[in-house]
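# Structural overview
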Amino acid sequence: MAVTWRAVALAAAGILAVVLLPATGTVLLWTVLVLVVCVLDALLAASPRQVAVRREVPSSVRLTEAARSTLTLTNVGRRKLRALVRDAWPPSSGADDNRHRIEVPAGDGRRVTTTLRPTRRGDAHADLVTIRTFGPLGLAGRQASLTVPGRLRVLPEFASRKHLPSRLARLRELDGRAAVQVRGPGTEFDSLREYVIGDDVRAIDWRATARRADVVVRTWRPERDRRVLIVLDTSRTSAVRVQDAPRIDASIEAALLLAALATRAGDRVELIVYDRTVRGRVAGQSGPRVMPAFADALALAEPQLIEADWAGIVGQVRQRLSQRALVVLLSALDPAAVEHGLLGVVNQLTERHQVVLASVADPEVDALRSARHDAAAVFDAAAAERVGLERAAVAVRLRQRGVEVLDALPDNLAPKLADTYLALKAAGRL
Amino acid sequence: MSAPVLTTHAAPVVGDGTTGRSRAASRWRRWRMPLGILGLLCLVGLLAALPEPVTSTASLAPDNALPGGARAAAQILGDQGVDVRYVRRIADVERLAGPDSTVLLVGDALIDTSHTDVLRKTGADLVLVDADWAVSELTGSLGAGSTTGIPQKRTAECDDPDAVAAGTITATGYLQALDGTAVVCFPAPGSATSAGGAYGVTTVDDQRVAVLTDRAPLTNERLADEGNAALVLRMLGRHERLVWYIPSPDDVEAGGSSRPGIADVVPPVVYVVGLQLLLVAAVAALWRGRRLGRVVTEKMPVVVRAGETTRGRGRLYRRSRAYGHAAAALRAGAAARSCARLGLPRSAAPLVVIEALARASGRRSDQVEALLYGPPPTDDNGLAQLARDLDHLESEVHRS
């Protein structure tokens, strides 16, 4: 049972009656009148449990984009339905305008749409659908909350896709550079073509030249069908907020850009989301199925407040990869965490694979380092200086073990990782 | 990424799986505990209130069972068929008392002439207990004496039938007859009634006025002593109706000329409108109080700023006044950046670094050495100065 402002107005109208007949009895009588009329109105309202509700919601939406949750309400009772419907979603789903007033004759149906603008990655589950029906007078009504399941998967924003066209162009340049490229390790024979001035004479294929009248050179193209394994670390270091977003968001952007680029380059990309156990995995996908799988798996990656199990990660990598591959560790260059975790086991990775550690740097530390305005700021600067030195030292130790270390600001991490990938590819180090 | 696919749940949802009966049952389950506790509280309150009979603690009140009360006398009178009416207001006295009734006045500290006028006008027999001022106000023939001293056993020593019937009483006080119309009894032991007694009777304009100077004979404690009971019962039981008047401090003046309060100024309709407004407020509370479905909760992410650990370290340095550590960090940072700028390896020896920096910045090498490897500062100013000097050095190196 619920009352509306009209019931309040009815109660307020009693003031007039009381002024005309100033007695306690008048108040009592009016109270009984309001009560009886409200109860009657509520009894005459259509039952909120005589409404068939069906929900339509997209299976997924990209962060910052809008999705529409549509409820179809069919009046299966015999009375006319006047109701207020609330389609409840969690706050981060951005369902701001989720109350709808409807009038449905018996047997008829209506559709109401709630626009969702999610502000958080992950699965958003619809909460209850609440229907409040009103009686013919609109004084009072009945209310019921129904469980109408619905799930909206909010995929990562993939803002770094703006870097994809320029990187793809670079990738095509790699193809084209075959003619002038030094014949090095790790490049693949592509085709034969006529010699043009400027080509490396060492690329001339003498046998083919002998068979034909022209001088023929071999062309090369970057290797294809290499394997790229992206390991996203969701341990405690990924929860730290850099600028306004946790570190993991920047890592996810980098993973998506690299996956898109490597897929176009013809490599096979896999993903493991790991902290102490596998939280998500993409494997065995190829072509157009890679990106949806990545987005889906990364949508659910959430930072866990536990320490990463690097030995476990190495075990996973060895289990997945039998041949040489590019292993990208999206983690943090946190001196303590790296020293106790990664440094001990990284040799097992680098002896078989090309390893890249991509870490999100914190611009705040740089700002702290240059602050001089008072004594406390100088001490903070000294601490920032020390942190920077330790990071550099740990990066050096990792590089000595053959790891490519990438330390970039959140916005730069994705393009830098793509550039690193292209550079490794051009050098034939995959 | 794929185009979003609309998912529709095949079976529409009708109702929330409850019936009127199950809802009533769940409501009962939810409310029975609070209701039970409320009921228990009410019961305990009632039980606590029950053993307390309707009694007062006012002195000589007919419903006061304490030693200083007068419930015994009132009950005996009631049993004998006297209609005892206990009142605290003069208006009630005026309403209840008539020529064929008795009015008992206990104490006169809270009354004035308007009250005594009313008492006189009723025409009822008056019994004045411990009311010296009222005695002199109502009768011209009895003069108030002092009532100090402890009650003592006194004999009648007069020919008033009530006093004679009582014989002896325990009382104190010295009431004096001012003229021949008054009879005074129960003088102090060993003295004559002319010296004053505890009890006196006179008649003023056909109104019989009996006076008892002492409260003691009426009290529960002393009613049974000597002839107290006889005197009291005869004194009070002369008529079918007894108006037992104990003045109340909040009694308005008998004339009704009280100071107008806020209650007299406000028209009565305001109270009723106030009640109606209460109803409006209650309905409005119901209107705004009922939520349209439950509040949806959500787990919030942890917010730890990346710079927090660095700041914490800075605070630790500062609290422990670790100027040496702080200075070493600043120097190492400046040296590392300058070396990178000049193309020196990180592992370069101090002497090499000093030489290279001196060349690049144009300073003397002992200056550079003092700056990079000198003794650590010992206070805040020294550290700030070092930081500024290192900044200068670095900018000079970078300019070169």
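Residues numbered from 1 in each chain as written. Chains lettered and ligands numbered in written order. Predicted model: local features only at pLDDT ≥ 70, side-chain atom pairs only at ≥ 80, totals over all residues.

In this section: the overall build of chain B. Looking only at helices and strands, chain B has 14 helices and 13 strands in total. The proportion of buried residues among the 400 residues of chain B is 33%. Contacts in chain B between residues at least 24 apart in sequence constitute 62% of all its contacts with a sequence separation of at least 6. (Helix = DSSP H or I, 4+ residues; strand = E, 2+ residues; numbered from the N terminus. Buried ≥ 20, exposed ≤ 12 C-beta atoms within 10 Å, placed from the backbone. Contact = placed C-beta atoms within 7 Å.)

When you go through chain A residue by residue, the secondary structure sums to 12 helices and 21 strands. Per-residue burial over chain A gives 44% buried out of 430 residues. The long-range share in chain A, meaning contacts at least 24 apart out of those at least 6 apart in sequence, stands at 74%.

Glancing now at the interface of chain B and chain A. Listed by partner, the interface residues are 55 residues for chain B and 82 residues for chain A. For the side of chain B that touches chain A, the secondary structure elements donating two or more residues are strand 1 (6–8), strand 2 (13–14), helix 9 (269–289), helix 10 (307–319), helix 11 (323–342) and helix 14 (380–399) of chain B. Per-element accounting of the side of chain B that touches chain A gives the leading share, 11 residues, to helix 9 of chain B. Per-class residue counts for the side of chain B that touches chain A are 34 nonpolar, 11 polar and 10 charged. Where strand 2 (residues 51–58) of chain A meets strand 2 of chain B, 2 bridges bridge the pair, whose relative direction is antiparallel. Following the sheet pairing, Ala-52 of chain A is matched in strand 2 of chain B by Val-14 of chain B. (Nonpolar A, V, L, I, M, F, W, Y, C, P; charged D, E, K, R; others polar. Pairing = 2+ DSSP bridges.)

In this section: the confidence of the model for chain B. Mean pLDDT over chain B stands at 84; residues scoring 70 or higher make up 92%. Both scores are available for the predicted complex, with the pTM at 0.70 and the ipTM at 0.76. (pLDDT = per-residue confidence, 0-100.)

The next subject is the nonpolar core. Within the largest apolar cluster, 85 residues are counted, with the highest numbers of intra-cluster contacts made by Ile-230, Val-231, Ala-255, Leu-258, Phe-294 and Val-328 of chain A. Per-element accounting of this core gives the leading share, 12 residues, to helix 5 (residues 247–264) of chain A. Each of domain 1 (1–155) and domain 2 (159–165 + 224–426) of chain A contributes no fewer than three residues to this core. Ignoring sequence-local partners within four residues, the contact set of Leu-258 of chain A consists of Ile-230, Val-328, Leu-417, Ala-418 and Tyr-421 of chain A. Residues Ala-131, Ala-134, Ala-171 and Phe-186 of chain B belong to the second largest nonpolar core, which totals 60 residues. (Core = buried A, V, L, I, M, F, W, Y, C linked by C-beta atoms within 7 Å. Domains from an automatic or database assignment.)

Residue and element names in this part refer to chain B. Relative to the helices and strands, Asp-389 resides in helix 14. Judged by local crowding, Asp-389 falls into the partly exposed class, with 16 C-beta atoms found within 10 Å. Expressed as a C-alpha distance, the spacing of Asp-389 and Val-368, which sit 21 residues apart in the sequence, is 10.0 Å.

All right, on to the sheet that holds strand 1 (residues 2–3) of chain A then. All names here are of chain A. One open sheet accounts for 5 strands, arranged 1-10-9-5-6; its pairing is antiparallel. Two strands close off the open sheet at either side, each with one partner strand: strand 1 and strand 6 (99–104). Sheet analysis places strand 5 (residues 81–87) next to strand 6, joined by 6 bridges and oriented antiparallel. Residue pairing across strands places Leu-81 opposite Val-104, the latter belonging to strand 6.

What follows concerns the sheet that holds strand 3 (residues 83–87) of chain B. All names here are of chain B. The sheet built from 7 strands is open, its strands ordered 3-13-4-5-12-11-10 with mixed pairing. The sheet is open, and its two borders are formed by strand 3 and strand 10 (183–187), each paired with just one other strand. Sheet twist, expressed as the mean angle between neighbouring strand axes with direction ignored, is 15°. Pairing between strand 5 (residues 125–129) and strand 12 (residues 207–212): 4 bridges, direction parallel. What sits directly across from Val-127, in strand 12, is Ala-210. (Axes fitted to C-alpha atoms, helices over the stretch in contact; angles between N-to-C directions.)

Here we take up the confidence of the model for chain A. With 96% of its residues at a pLDDT of at least 70, chain A reaches an overall mean of 89. Between residues 178–186 of chain A, whose pLDDT stays under 50, and residues either more than four places distant or in other chains, the model counts 22 contacts.

Residue and element names in this part refer to chain A. Between helix 7 (residues 310–320) and helix 9 (residues 342–350), the least distance of the axes is 9 Å, while the angle of their chain directions is 15°. Comparing the axis directions of helix 7 and helix 9 gives the class roughly parallel. Handedness of the helix 7/helix 9 crossing: right-handed. Residues Trp-310, Ala-311, Val-314 and Val-317 of helix 7 pack against Leu-342, Val-345, Gln-348 and Leu-349 of helix 9. Of the residues assigned to the contact of helix 7 with helix 9, the class counts are 7 nonpolar, 1 polar and no charged. (Parallel < 35°, antiparallel > 145°, perpendicular 65-115°, else oblique. Left-handed = near helix turned anticlockwise from the far one by under 90°.)

Our next topic: the packing of helix 2 (residues 24–44) of chain A against helix 9 of chain B. Contact pair helix 2 of chain A / helix 9 of chain B: the axes reach a minimum separation of 8 Å and the direction vectors enclose 20°. By the angle between their axes, helix 2 of chain A is roughly parallel relative to helix 9 of chain B. Here helix 2 of chain A and helix 9 of chain B pass one another in a crossing that is right-handed. Here Thr-24, Thr-26, Val-27, Trp-30, Thr-31 and Val-34 of chain A of helix 2 of chain A come into contact with helix 9 of chain B, specifically with Val-272, Leu-275, Gln-276, Leu-279 and Val-283 of chain B. Residue classes in the contact of helix 2 of chain A with helix 9 of chain B are distributed as 7 nonpolar, 4 polar and no charged.

Here Gln-243 of chain A, not a glycine, exhibits a phi torsion of approximately 55°, which is positive. Of note in the backbone geometry, Asp-206 of chain B takes a positive phi value of approximately 65° without being a glycine. Position of Asp-206 of chain B relative to the elements: it lies in the loop between strand 11 (197–204) and strand 12.

The next thing to look at is the environment of Leu-326 of chain A. All names here are of chain A. Position of Leu-326 relative to the elements: it lies in strand 19 (residues 326–331). The exposure class of Leu-326 is buried, given the 25 C-beta atoms found within 10 Å. On a C-alpha basis, the gap between Leu-326 and Lys-425 in space is 9.9 Å, while along the polypeptide they are 99 residues apart.

The subject of this paragraph is the pairing of strand 13 (residues 241–245) of chain B. Put simply, side chains in a regular strand alternate between the two faces of the sheet. Residue and element names in this part refer to chain B. Counting buried residues along strand 13, 4 of its 5 residues qualify, which places the element largely inside the surrounding structure. Summarising the sheet, strand 3 and strand 13 pair through 5 bridges and their orientation is parallel. Across the sheet, residue Arg-85 finds its bridge partner in strand 13, namely Val-243. Inspection of the sheet shows strand 4 (residues 101–106) paired to strand 13 by 5 bridges, in the parallel sense. Each residue of the ladder has a partner; that of Ser-101, found in strand 13, is Arg-241.

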